[in-house]
Amino acid sequence: LGMFAPILAFLALLIVWGGVLIAWLDQVPTRDGIYLALVTALTIGYGDLAPKSLLTRALAILMGVCGVLLTALVAAIAVRALTAMGVDDSR
């Protein structure tokens, strides 16, 4: 986890700061921008909020990509940890 921690932190901060930027560009409350970024990054996509401009839509796409990368990295860390513990289901 040690070498992945900076990458995880970077992706998480990128998602949050992307939400702040979306809020600023679309002139909505900051909490709504961060909420939109997190819902998009976690691929939940409720649809209750949507970016308005072309630039903020592009940023939302970037948040989605960051979320997929974050999820993949967490899954890879979990698999590596289970492998290191000797948990193997290849029987």
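Residues numbered from 1 in each chain as written. Predicted model: local features only at pLDDT ≥ 70, side-chain atom pairs only at ≥ 80, totals over all residues. Heavy atoms only, no water.

Draft legend 1. Just the overall build of the protein, in detail. Each helix and strand counted, the protein has three helices and zero strands in total. In the protein, the succession of helices and strands from N to C terminus is α-α-α. Expected size for 91 residues packed as a compact globule is a radius of gyration near 12 Å; at 16 Å, the protein overshoots this value by more than 25%. Here the C-alpha coordinates of the protein stretch approximately 55 × 25 × 20 Å along the principal axes. The long-range share in the protein, meaning contacts at least 24 apart out of those at least 6 apart in sequence, stands at 58%. Put simply, the protein shows about 6300 Å² of open surface, and 72% of that area lies on carbon and sulfur atoms. The distance from the centre of the 5 positive side-chain charges to the centre of the 5 negative ones in the protein is 4 Å. (Helix = DSSP H or I, 4+ residues; strand = E, 2+ residues; numbered from the N terminus. Rg over C-alpha atoms; globule rule 2.2 N^0.38 Å. Contact = heavy atoms within 4.5 Å. Areas by Shrake-Rupley, 256 points an atom, 1.4 Å probe, with all protein chains shown as cover. Lys, Arg positive; Asp, Glu negative; His and termini not counted. Charge placed at Lys NZ, Arg CZ, Asp CG, Glu CD.)

Draft legend 2. Examining unusual backbone geometry more closely. In this structure, Gln27 is a non-glycine residue whose phi angle is positive, near 55°. Look at Gln27 and you get exposed, because its relative accessible area is 72%. One non-glycine residue, Thr43, adopts positive backbone phi at about 55°. Position of Thr43 among the secondary structure elements: in the loop between α2 (30-41) and α3 (54-84). (Buried < 20%, exposed > 50% of the residue type's maximum accessible area, 1.4 Å probe, protein only.)

Draft legend 3. Quick look at helix α1 (residues 5-26). A rise of 1.5 Å per residue sets the reference length of α1, with its 22 residues, at 32 Å; its end C-alpha atoms lie 31 Å apart and thus fit the reference within 8%. For α1, every residue scored as buried is listed here: Leu8, Leu11, Ile15, Gly18, Gly19, Ile22, Ala23 and Asp26. One side of α1 carries all its buried residues, which in axial view fall inside an arc of 135°. With respect to the buried face of α1, the exposed residues turned more than 90 degrees away are Pro6, Phe10, Trp17 and Trp24. Residues of α1 that are buried in the fold lie against α2 and α3. Just past α1, the residue Gln27 takes up positive phi, approximately 55°. (Expected span 1.5 Å × (residues − 1). Arc of directions from axis to C-beta.)

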